[in-house]
Amino acid sequence: MALQSLSEGFRCPVSELQKELLGIDVEVAFSSDPDIMISANQFLYEHICSRLGQPDEVASAYWFHGTRTAAANRFNEGILPLNHSAEAVIRMLAEQAPDSTVRARISAWAGSGVPDSMFQLRHRNATHWGPYGSLVREVQLNNEETRHNNYSMMPELVEDVCNAYREEHGAELMQHYLAVLKPRMIWFIAPPADSQRCIEAALAYAYTSVRNLPPDSGANWGIDRKGIAVPPEDIIQVEELP
């Protein structure tokens, strides 16, 4: 999908874009010229532009939001920012609790607040609210290479609630919720904040993919909705992950 979209943006056949990506070795270029003062992404972007011309502006892009949630959740209310999703997370964890005692204790936190400093920090601090999305789906699934958190393993708020429960009641809930919550990748559409950086990250991904390599940190770029929910009509797909 990335190669096709990029080739449309550069107004060239996919085969020509592949040839240009395979014709440049970014690592060799940087090692042979220590005076290069731009990032690898910028270097690749400028090289491809010199070969294929300036690309079209990106008006809208697909984004990928990883999470772990109740199996029945179809995100009918959209993707909420963290400050508006905390109550829903507590309600979900109470509904999926292993027994009535855990359910009652977690439900009580909906009113009193979760006794965990990180939970409180994320809820109060707008820099944590998102919702976020990655430009490249595989970035979240190859997090050891891309240095991106894989939130389909466990969302931060769920970890915070589990940590609070362990501290307050001496019981570990993480393995239970790993079993009952299901990994999902939500695809949505939105305009990027920066068209060039969007193309740079897509090229970085294409550069590795044409070499049959996993994406690296150069493809790790995304969107921060800054407290504005993704409306349900902008959600393209709720993908079930293995």
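The structure we're discussing is the one just above.
Think of each chain on its own: its residues are numbered from 1, step by step along the sequence as written. A pLDDT threshold of at least 70 governs which residues receive local features in this predicted model, and a stricter bar of 80 or more applies before side-chain atom pairs are shown or counted, although totals over entire chains, interfaces and linings include all residues. Excluded from the side-chain calculation are hydrogens and water; included are all heavy atoms of the structure.

Peer 1: Account for the environment of S107, with residues named and values stated.
Peer 2: On the secondary structure map, S107 appears in helix α6 (residues 100-112). A polar side-chain atom of S107 sits 2.8 Å from the main-chain carbonyl oxygen of R103. Per the convention used, a helix needs a DSSP run of H or I reaching at least four residues, while a strand needs a run of E reaching at least two, with both numbered from the N terminus. Distance and chemistry together define a polar contact, namely a pair of N or O atoms within 3.5 Å, with one atom able to donate a hydrogen and the other to accept it when in protein, and with adjacent residues in sequence counting only for side-chain atoms on both sides.

Peer 1: Quick rundown of α6? Include the residues and the values.
Peer 2: Here, expected helix span is obtained from the residue count minus one, scaled by 1.5 Å. Taking 1.5 Å of rise per residue, 13 residues should cover 18 Å, and α6 covers 19 Å from first to last C-alpha, within 8% of that figure. All buried positions along α6 are accounted for by V102, I106 and W109. Projection of α6 onto a plane perpendicular to its axis shows the buried side chains occupying an angular sector of 40 degrees, all on one side. For α6, exposure combined with an orientation more than 90 degrees from the buried face picks out S100, G111 and S112. It only takes one pair of heavy atoms within 4.5 Å for two residues to be counted as in contact. Its buried side turned inward, α6 meets α5 (82-95), α10 (156-169) and α11 (174-180). The N-cap of α6, judged by a side-chain oxygen 3.0 Å from the amide nitrogen of T101 a few residues on, is D99. Following α6 by one or two positions, G113 has its phi on the positive side, about 95 degrees. Working definition: with a 1.4 Å probe on protein chains only, accessible area under 20% of the residue-type maximum means buried, over 50% means exposed, and in between means partly exposed. Our arc is simply the arc of the directions from the helix axis toward the C-beta atoms.

Peer 1: Residue-level account of the pattern of salt bridges, with values.
Peer 2: Salt bridge criterion: a side-chain nitrogen from Lys or Arg within 4 Å of a carboxyl oxygen from Asp or Glu. The final tally for this structure, using the stated rule, is 8 salt bridges. A salt bridge links D56 to R11, with the nearest nitrogen and oxygen atoms 2.5 Å apart. Of this pair, D56 sits in the loop between α4 (40-52) and β1 (61-69) while R11 sits in the loop between α1 (2-10) and α2 (14-22), and the two are 45 residues apart along the sequence. The exposure class assigned to D56 is partly exposed, which follows from its relative accessible area of 38%. For R11, a relative accessible area of 52% gives the class exposed. Connected via shared salt-bridge partners are R122, E156 and D160.

Peer 1: Kindly report on the nonpolar core, identifying the contributing residues and their values.
Peer 2: Side chains that are nonpolar tend, in soluble globular proteins, to be buried together. Of all hydrophobic cores here, the largest spans 41 residues; its most connected members are F10, L17, L21, L135 and L203. At the level of secondary structure, the elements contributing two or more residues to this core comprise α1, α2, α3 (26-32), α4, β1, β3 (182-190), α12 (195-209) and β5 (235-240). In terms of residues, this core owes the most to one element, α12, which gives 8 residues. Here F10 is in contact with I48, C49, L52, G53, P55, I199 and L203, once residues within four sequence places are set aside. Residues belong to one nonpolar core when they are buried, are Ala, Val, Leu, Ile, Met, Phe, Trp, Tyr or Cys, and are joined through side-chain atoms within 4.5 Å. Judged by nonpolar contacts, the second largest core, of 25 residues, contains A70, A86, M154 and L157.

Peer 1: Tell me about the side chain of E200, and name the residues and values.
Peer 2: For E200, the location among the structural elements is in helix α12. The sign given to each residue is positive for Lys and Arg and negative for Asp and Glu; His and the chain ends receive no count. There is no salt bridge for the buried E200, and the closest opposite charge comes from R197, which lies 5.0 Å off by N-O distance. Once residues lying within four places of it in the same chain are set aside, the contact partners of E200 are N41, Q42 and Y45.

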